[in-house]
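# Descriptive structure summary
This is what each chain is made of:
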Amino acid sequence: MISYGSDRNIHRIQAVKASMILTMKNFFADPQWIIPSIIAPFIFTLVSLFLFRNVNGPVLMYAVLGGGMMGMWGTTVYGSGSSIMFDRWNGTMEATLSAPSPLIWIVMGRVIFNTLEGMVNAIFILFIGLMWFRVGVSIYEPLQFSIATILTFVSLSSVGLILSSVYVLTRKAGFLENGLEIPVYIATGTMFPIALLPFYVQGFSFMLGPTWGIDAIRISAIQGYSGFSTGYIPDLVIMCLETAIYFFLSFILFTKVESRAKINGTLGEY
Amino acid sequence: MASAEGSVLMDGLRVLRSSIIFGRRGSIIWDSWEMWILQIFILPLTQMAFFAFLAGSINHSASDVQYVVIGNAIQTMSFSAVFSVANITSQDKWQGTLTGLIVSPANRMALLVGRASFQIVMSTLISAIGLVYAHFLFGVSFSGADFTGVILILVITSVTMMGFGLLISSIGLYLRTAMIMANVFLFISLLVCGVNFPVYYLPSWLRVLSYVIPMTYGVSAMRLAISGSSIPELSGIIFTEIFVGIIVILAAYILMKTFEYLAKKTGRLEQY
């Protein structure tokens, strides 16, 4: 029994790894598709920096970090939707679902790669922002900054996983990925404090793990930054709790969605 | 000779008419109702909200927020006038109908303008809804507005930006897809067309791009019309926008013929 369980875990890890490698190969075979997912965050950041042009260094750093976060979000939202959509277009959806490995492990590999790609986008946007607008690079607490960034990366992956489960069921992935992009930028306070948002939107913001992540990133990067009243550690604890809930929900959703999609027999429709 | 020219004109008009009909039907069939709602109601609202909150967060005055809101209300027409129009050739590639169209003797300009014409209606509608949001949700006052001017500018900007969409669409004949370019130009007007801040904020090399995109003039004219300028007062900027629009449409035609030739020569028509 122990051997069976450990074999199963190894197979799952192999499925995640293989899926990541395949997603990476697909990306390098046709890298132009990265543009749709980064162009909006990139332009939004540049516009923001032009609007912020009369303010001082820390505020510019706030905007540049927000731009990086938008880059990660954009790739997560688009990457999660597109991975399933491309399966439909390429006619590989049925084959992927009938593979012995549960779909969630295959999708997890894709989501992890997409989020990694998002981090590269974030660095690219940060770099352009820093170079063009000559924002001084000084990370206040580099270690805390790195921890917050890595945990936010995990949190974004968990959001990507939930989104992907919805995309399996619906043919409207295009609708969701286009419709969600700007609202998540608004709701997570990438470019402005969420205190400016109406009360009912703030409730939604606090349910998104990356909202806490970006606050923790800013606390650790900008000296004297006053974000949420919670502080660095509580921000990370709340984000980790929410991330755990997202992962748990993803497992439930994937099990239900996978079986429902097979019963409906409409997997390949788009 | 006159009869032959008349026949060419009649053929062109016939192609234009049938393209308008097929373009409208195709758009309605291809896009789901959710995409319509997204394009017409949700995307303009979220984009306007993002930049309005952003402008507000930098302690800008209400007038600065209104500047941003009006700019974005007009810019959102790009979802239809630029993105949808630019993807016309790519959609034909995906559906396998591009080769059939290219071998037909139909006038190319009539064909493409006809296909894109439905998006003029759509983009006008999207920006009109954006202006409604501007008034009811973001507090933009229309009390002194010249409504004839507002409608005129909406229509002219939609037509000229459709021409800009055609320019990008023509690239799709040669490249594997125009979607990437469509995505770039969907958002680039946010940066270079005076939508969120005046064009003079930009470095001079980037301003060149501002002046060749009709949106720059449309956004500026709309702000003036809303603040009460009459049509005669707006005539200068409107004529400039029309002039730039005509140049853009002519450039689209020349590019289309060039890329059609290149695509035929290199056998890339069906590549996507």
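The written sequence of each chain sets the order in which its residues are numbered from 1. A letter from A marks each chain and a number from 1 marks each ligand, given out in the order of writing. It should be noted that, the model being predicted, local features are given only for residues of pLDDT at least 70 and side-chain atom pairs only at 80 or more, the latter also being counted only at that level, while totals for whole chains, interfaces and linings use all residues. Working from all heavy atoms in the structure, the side-chain values ignore hydrogens and water.

### Topic: the overall build of chain B
For clarity, the cut-off: The numbering of helices and of strands both runs from the N terminus, where a helix is a DSSP run of H or I of at least 4 residues and a strand a run of E of at least 2. Only protein chains enter the accessibility calculation, which uses a 1.4 Å probe; a residue whose area is less than 20% of its type maximum is buried, one above 50% is exposed, and one in between is partly exposed. The contact rule is simple, with two residues in contact once any of their heavy atoms fall within 4.5 Å. Each accessible area is a Shrake-Rupley result for a 1.4 Å probe, and residues are judged covered by the shown protein chains and nothing else. For the charge count, each Lys or Arg is scored as positive and each Asp or Glu as negative, with His and the chain ends excluded. One atom stands in for each charge, and that atom is NZ of Lys, CZ of Arg, CG of Asp or CD of Glu.
Along the backbone of chain B there are 12 helices and zero strands. Ordered by position from N to C terminus, the α and β elements of chain B give α-α-α-α-α-α-α-α-α-α-α-α. When the backbone C-alpha atoms are referred to their principal axes, chain B occupies close to 60 × 40 × 40 Å. Here chain B holds 272 residues, and the buried ones make up 55% of them. Here the analysis covers contacts within chain B between residues at least 6 apart in sequence; of these, 81% occur between residues at least 24 apart. Entry remark: accessible area of chain B is about 11700 Å², with carbon and sulfur atoms responsible for 70%. Charge separation in chain B, taken as the distance between the mean sites of 14 positive and 11 negative side-chain charges, equals 11 Å.

### Quick look at the confidence of the model for chain B
Residues and elements named next belong to chain B. Note the following rule: Values of pLDDT, the confidence the predictor places in each residue, fall between 0 and 100.
Mean pLDDT over chain B: 87, with 94% of residues reaching 70 or higher. When mean pLDDT is taken per element in chain B, helix α11 (residues 215–226) scores highest with 96 and helix α1 (residues 2–30) scores lowest with 74. Our summary of model confidence lists the complex with pTM equal to 0.87 and ipTM equal to 0.86.

### Notes on the packing of helix α5 (residues 103–133) of chain A against helix α10 (residues 232–264) of chain A
All names here are of chain A. So the rule is basically this: Whenever a helix is involved, its axis is fitted only over the stretch in contact; in every case the axis is a line through C-alpha atoms, and angles between N-to-C directions fall within 0 to 180 degrees. For classification purposes, angles smaller than 35 degrees are called roughly parallel, those larger than 145 roughly antiparallel, those between 65 and 115 roughly perpendicular, and all remaining angles oblique. If you view the pair so one helix is near and one far, a crossing is left-handed when the near helix is turned anticlockwise from the far one by less than a right angle, and right-handed when it is turned clockwise. Classification convention: Asp, Glu, Lys, Arg as charged; Ala, Val, Leu, Ile, Met, Phe, Trp, Tyr, Cys, Pro as nonpolar; all other residues, Gly among them, as polar.
The N-to-C vectors of α5 and α10 enclose an angle of 125°; their axes lie 9 Å apart at closest approach. By the angle between their directions, the pair α5 and α10 is classed as oblique. Here α5 and α10 pass one another in a crossing that is right-handed. Contacts from Leu 103, Ile 104, Trp 105, Val 107 and Met 108 of α5 reach α10 at Phe 247, Ser 250, Phe 251, Phe 254 and Glu 258. For the contact of α5 with α10, the per-class residue count stands at eight nonpolar, one polar and one charged.

### Focus on the environment of A:Gly109
Residues and elements named next belong to chain A. Counting through the fold element by element, Gly 109 comes out in helix α5. Given a relative accessible area of 0%, Gly 109 falls into the buried group. Once the C-alpha coordinates of Gly 109 and Gly 129 are considered, the two residues, 20 residues apart in sequence, prove to be 30 Å apart.

### What about the nonpolar core?
To keep things clear, this is the line we draw: Residues enter a nonpolar core if they are buried and are Ala, Val, Leu, Ile, Met, Phe, Trp, Tyr or Cys, with the set joined through side-chain atoms within 4.5 Å.
Ranked by internal contacts, the top residues of the largest apolar core, which has 155 residues, are A:Phe44, B:Phe50, B:Leu131, B:Phe164, B:Leu191 and B:Met222. The element that contributes the greatest number of residues to this core is helix α3 (residues 57–90) of chain A, accounting for 12 residues. Every residue in contact with B:Leu191, bar those within four places of it in the chain, is listed here: A:Ile43, A:Leu46, A:Val47, A:Phe50, B:Phe197, B:Leu202 and B:Leu206.

### So, the confidence of the model for chain A
Per-residue confidence for chain A gives a mean pLDDT of 83, with 93% of residues at or over 70. Averaged over each element, pLDDT in chain A is lowest for α3(A) (80) and highest for helix α9 (residues 209–221) of chain A (93).

### Quick look at the packing of helix α2 (residues 34–51) of chain A against helix α2 (residues 33–57) of chain B
Two elements in contact, α2(A) and α2(B), have axes whose closest approach is 10 Å; the angle formed by their N-to-C orientations is 30°. Viewed along their axes, α2(A) and α2(B) adopt a mutual orientation that is roughly parallel. For the pair α2(A) and α2(B), the sense of crossing is right-handed. Every residue of α2(B) that contacts α2(A) at A:Phe44, A:Val47, A:Ser48 and A:Leu51 is listed here: B:Phe50, B:Phe51 and B:Leu54. A per-class count over the contact of α2(A) with α2(B) returns six nonpolar, one polar and no charged.

### Observations regarding α2(B)
Which entries qualify depends on this criterion: Given the number of residues in a helix, its expected span is that number minus one, multiplied by 1.5 Å. The reported bend at a residue is simply the angle between two axes, fitted to the 7 residues ending at it and to the 7 residues beginning with it.
Over its 25 residues, α2(B) extends 35 Å from the first C-alpha to the last, a length consistent with the 36 Å expected when each residue adds 1.5 Å. The sharpest bend along α2(B) measures roughly 40° and falls at B:Gln39.

### What to know about the packing of aromatic side chains
Here is the rule we go by: Pairing of aromatic side chains requires ring centres within 6.5 Å, counting the rings of Phe and Tyr and the six-membered ring of Trp. Pairs whose planes differ by under 30 degrees are stacked, by over 60 edge-to-face, and all others tilted. Charge-over-ring placement is defined geometrically: NZ (Lys) or CZ (Arg) within 6 Å of the ring centre, and within 35 degrees of the ring normal.
With the rule as written, the count across this model stands at 22 aromatic pairs over all chains. Judged by centre distance (5.2 Å) and plane angle (35°), the ring pair of A:Phe206 and A:Trp212 falls under tilted. Centroid distance B:Phe197 to B:Tyr201: 5.5 Å. Interplanar angle 10°. Geometry classified as stacked. With a relative accessible area of 2%, B:Phe197 lands in the buried category. The structure contains a cluster of three or more aromatic residues connected by ring pairs, namely A:Phe44, A:Tyr185, A:Phe192, B:Phe50, B:Phe51, B:Phe53 and B:Phe187. In this structure, A:Arg218 is placed above the aromatic ring of A:Tyr62, and the distance from its NZ or CZ to the ring centre is 3.6 Å. Taking the ring centre of B:Tyr67 as reference, the NZ or CZ of B:Arg223 above it sits at 3.5 Å.

### Describing the side chain of B:Ser229
By the element assignment, B:Ser229 lies in the loop between α11 and α12 (231–266). When sequence neighbours within four positions are dropped, the list of residues in contact with B:Ser229 reads B:Asp146, B:Leu224 and B:Leu234.

### Concerning the interface of chain B and chain A
You'll often see interface size given as the accessible area lost when the parts meet. How we decide: When two components associate, each loses some accessible surface as probed by a 1.4 Å sphere; the sum of these losses over both components is called the buried area. Only one rule defines a salt bridge in this text: a Lys or Arg side-chain nitrogen within 4 Å of an Asp or Glu carboxyl oxygen. Side-chain atoms alone can form a polar contact between residues adjacent in sequence; in general such a contact is a pair of N or O atoms within 3.5 Å, and within protein one must be able to donate a hydrogen while the other accepts it.
Contacts between the two partners involve 32 residues from chain B and, on the opposite side, 35 residues from chain A. Together, the buried faces of chain B and chain A total about 3100 Å²; carbon and sulfur atoms form 84% of this surface. Applying the counting rule to chain B against chain A returns zero salt bridges. There are zero residue pairs in polar contact (both at pLDDT 80 or more) connecting chain B and chain A. Only α2, α9 (179–192) and α10 (204–212) of chain B provide two or more residues apiece to the side of chain B that touches chain A. Among the residues making up the side of chain B that touches chain A, the classes are represented as 22 nonpolar, eight polar and two charged.

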